[in-house]
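# Coordinate analysis (summary)
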Amino acid sequence: MRSTHGRLGELEQRLKRQEAEIAMTSVVDPYFKANVIVAFDPDRSGPRSEVALEEAYATMSSLPAGWGLRAGRFLIPFGRHNQLHTHVFPFVEPPHAIAAILGPESQSDVGVEVSYAPLVPWY
């Protein structure tokens, strides 16, 4: 028969904080909006935490004719799953196909993204 202390020890090993994030958003001026997301990941070797800059980008929202611009460090738009932060994953682990290509965590990189939303009456 196992003791209650053993069960609690097992439970503590299984229930751990995976990641904590702080998201900061600011309207810089009428044309730009800035976003910064900082993640705090627990270090597996000890009580220290690792601080990582996940995203830091500016979005230009006032371009004419439906154009948009985003520049900085942001999650790579590769499939639907890579654009999710760890705490938003629908399952504990990412899909095996995405993990084999990009690794176990969402990947971000520095770049510029240009988008276009056509001006149509039903949008």
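Anything mentioned here points back to the structure above.
Notes on the structure in this doc start here. Remember, it's a predicted structure, so these values are computed and weren't measured experimentally. (Residues numbered from 1 in each chain as written. Predicted model: local features only at pLDDT ≥ 70, side-chain atom pairs only at ≥ 80, totals over all residues. Heavy atoms only, no water.)

For alanine 65, which is not glycine, the phi dihedral falls at a positive 60 degrees. You can see alanine 65 is positioned in the loop between strand S3 (49-60) and strand S4 (67-75). (Helix = DSSP H or I, 4+ residues; strand = E, 2+ residues; numbered from the N terminus.)

The relative placement of two aromatic rings is captured by the distance of their centres and the angle of their planes. Applying the stated criterion to the full structure yields 2 aromatic pairs. Here tyrosine 57 and phenylalanine 74 contribute two aromatic rings whose centre-to-centre distance is 6.2 Å and whose plane-to-plane angle is 80 degrees, an arrangement assigned as edge-to-face. Taken together, the residues span a long stretch of sequence, with tyrosine 57 in strand S3 and phenylalanine 74 in strand S4 at a distance of 17 residues. Pair check on accessibility: tyrosine 57 and phenylalanine 74 agree, each one buried. Ring centres of tryptophan 67 and tyrosine 116 lie 4.7 Å apart, and the angle between their planes is 45 degrees; this geometry places the pair in the tilted category. Taken together, the residues span a long stretch of sequence, with tryptophan 67 in strand S4 and tyrosine 116 in strand S5 (residues 108-116) at a distance of 49 residues. For tyrosine 116, a relative accessible area of 46% gives the class partly exposed. Sitting over the ring of tyrosine 57, arginine 70 keeps its end group 5.0 Å from the ring centre. Between arginine 70 and the ring centre of phenylalanine 74, over which it is positioned, the NZ or CZ distance is 4.0 Å. (Phe/Tyr/Trp six-rings, centres within 6.5 Å; stacked < 30°, edge-to-face > 60°. Buried < 20%, exposed > 50% of the residue type's maximum accessible area, 1.4 Å probe, protein only. Lys NZ or Arg CZ within 6 Å of the ring centre and 35° of its normal.)

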